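Chain and residue survey
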Amino acid sequence: MKQRKKIAVIGSINMDLTARTERLPAGGETVPATELLYAPGGKGANQAVAAARLGGDVTMFGCVGEDAFAEKLVENLRQNGVDTTHIRSVPGVSSGIAMITVAEASGENSIVVVPGANRFVTPAYVDDLQDAILQADILLLQNEIPPETVAAVMDLGHRAGKTVLYNPAPAAEMPEGIMEKIQEKIHYLTPNEHEAALLFPHIPALPSLLELYGGKLIVTLGEQGAMAWDSDRGKLLHIPARPAHVVDTTGAGDTFNGAFAYALAEGYAFADALRFANIAAGLSTERPGAQGGMPTKNEVLAAMHAV
Ligand code: RIB
């Protein structure tokens, strides 16, 4: 029987406080919300849940605080089948919190993140847990933990010959020397178009950039789907988004990344893994909350056959 590859997510765990409003407020403006939802989120935890809900073997590495949210956040991961053994509880700090506004009409969002315990996902934490991290075959990273930790995991994964998948989101914080590490130490880089523009400010047109990176770079384009260079076939791959009844786009990028990691772990070919991830991301927008719409494998397969 084929051995299922293991996935380690090293990243953030947040409680999302989501206000649904008619539209996103402009600067200085107050708008009324129709409701306020509390639901588990955080880019790391979301990606872990996305992969685990599909059936992946996923371990989460991260920190929660000492507050009423901490146990709920860990329990949520557990209930979704994520191994939480190595999540640390940091005394005297709050868990990560994201304040999210979702516009009812478009499903678009804006997010303010309070990192809290996510700041304690340090290189020392990674060092302590390196044996456990290296049990995994695929390491999945984002930008909601300190940049030096992101860099440390890239180094660790590269030294140990692991597949490293880096989702450089949110856009603002990039680790020191990131471009050199991207060249040498990671296998997949998955920015959205805004993150790509920050990482590659002097780029030519997107297709030329993708060809230059030859399958390492995958750019997600929201309702336009995703683009990458298919090295197996030597051509540009543009996967259009599946038409969706969008309710909430929060966590769509996370679903894409978790599902892509899952598909790699299952041994899918590159283009098939992208198609699978793209459908999963589309499905995730049809229910509220970052994790609320994340699909099971059967849901993704059914939607793929329906296209
Ligand atoms: O990508 C969506 C996530 O970003 C939310 O769950 C929120 O926690 C923020 O971190």
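Reading guide: rules and limits
Residues numbered from 1 in each chain as written. Predicted model: local features only at pLDDT ≥ 70, side-chain atom pairs only at ≥ 80, totals over all residues. Heavy atoms only, no water. Core = buried A, V, L, I, M, F, W, Y, C linked by side-chain atoms within 4.5 Å. Buried < 20%, exposed > 50% of the residue type's maximum accessible area, 1.4 Å probe, protein only. Contact = heavy atoms within 4.5 Å. Pairing = 2+ DSSP bridges. Helix = DSSP H or I, 4+ residues; strand = E, 2+ residues; numbered from the N terminus. Axes fitted to C-alpha atoms, helices over the stretch in contact; angles between N-to-C directions. Near = heavy atom within 4 Å. Polar contact = N/O pair within 3.5 Å; in protein donor to acceptor, adjacent residues only side chain to side chain. Areas by Shrake-Rupley, 256 points an atom, 1.4 Å probe, with all protein chains shown as cover. Phe/Tyr/Trp six-rings, centres within 6.5 Å; stacked < 30°, edge-to-face > 60°. Parallel < 35°, antiparallel > 145°, perpendicular 65-115°, else oblique. Left-handed = near helix turned anticlockwise from the far one by under 90°. Nonpolar A, V, L, I, M, F, W, Y, C, P; charged D, E, K, R; others polar.

Bringing the nonpolar core into the picture now. Core analysis: the largest hydrophobic core is formed by 53 residues, its most contacted members being Leu77, Phe260 and Leu274. In this view, Phe260 contacts Leu165, Tyr188, Ile218, Phe270, Ala273, Leu274 and Ala277; residues no more than four positions away in its chain are not counted. Counting residues in each nonpolar core, the second largest holds 38 residues, with Cys63, Val90, Val126 and Met227 among its members.

Next up on the list: the sheet that holds strand β10 (residues 163-166). Spatially, β4-β1-β9-β10-β11 is the arrangement adopted by the five strands of the open sheet, whose pairing is parallel. A single partner strand is all that each edge strand has here, and the edge strands are β4 (57-61) and β11 (188-189). Of the strand pairs in this sheet, strand β1 (residues 6-10) and strand β9 (residues 138-141) are connected by four bridges, and their pairing is parallel. Within β9, the residue paired with Val9 across the bridge is Leu140. Contacts from helix α1 (residues 43-53) reach β1, β4 and β9 within the one sheet, and its direction differs from that of β4 by about 165 degrees.

The next thing to look at is the site of the ligand. Around the ligand lies a shell of 14 residues, among which Asp16, Gly42, Lys43, Glu144 and Asp254 are the nearest. Lys43 is positioned with one of its side-chain polar atoms (N or O) 2.7 Å from an oxygen atom of the ligand. At 2.5 Å from an oxygen atom of the ligand is found a side-chain nitrogen or oxygen belonging to Glu144. Protein contact buries 96% of the 270 Å² of open area that the ligand shows by itself. Listed by contribution, the elements that provide at least two residues to the shell around the ligand are β2 (14-21), α1 and β8 (109-114).

This model, assessed by the stated rule, comprises eight aromatic pairs. Between Tyr188 and Phe260, the ring centres sit 5.2 Å apart and the planes meet at 90 degrees, which makes this aromatic pair edge-to-face. Remark: Phe260 occurs in helix α9 (residues 252-265) and Tyr188 occurs in strand β11; sequence separation between them is 72 residues. Neither Tyr188 nor Phe260 differs from the other in exposure class; each is buried.

Now for the sheet that holds β2. Spatially, the four strands line up as an open sheet ordered β3-β2-β7-β8, and their pairing is mixed. Each having just a single partner strand, β3 (33-41) and β8 make up the two edges of the open sheet. Across this sheet, the average inter-strand angle for adjacent strands is 15 degrees, counted without regard to direction. Here strand β7 (residues 96-103) runs beside β8; their pairing, made up of six bridges, is antiparallel. From the neighbouring strand, Ile100 faces β8, where its bridge partner is Ile111.

Two numbers describe how α1 lies on α9: the axes approach to 7 Å, and their chain directions differ by 45 degrees. If you check the angle between α1 and α9, you find them oblique. Crossing handedness for the pair α1 and α9: right-handed. Seen from α1, the contacting residues are Lys43, Asn46, Gln47, Ala50 and Ala51; seen from α9, they are Asp254, Thr255, Asn257, Gly258, Ala259 and Tyr262. Taken together, the residues of the contact of α1 with α9 sort by class into four nonpolar, five polar and two charged.

Another point: unusual backbone geometry. Geometrically, the link from Ala169 to Pro170 is a cis peptide bond, its omega value of 0 degrees lying close to zero. Within the secondary structure, Pro170 is located in the loop between β10 and α6 (178-185).

The subject of this paragraph is the packing of helix α5 (residues 147-159) against α6. Closest axis-to-axis distance for the α5/α6 pair is 11 Å, and the angle between their directions is 20 degrees. On the basis of the axis angle, α5 is roughly parallel to α6. The chirality of how α5 crosses α6 is left-handed. Contact residues: α5 offers Ala151, Met154, Asp155 and His158, while α6 offers Ile178, Lys181, Glu184 and Lys185. Across the contact of α5 with α6, the residue classes break down as three nonpolar, one polar and four charged.

Once that is clear, we can look at the side chain of Asn278. Its place among the elements puts Asn278 in helix α10 (residues 270-284). We classify Asn278 as buried; its relative accessible area is 7%. Setting aside chain neighbours within four positions, we find Asn278 in contact with Gly225, Ala226, Ile239, Pro240, Ala241, Arg242 and Phe256.

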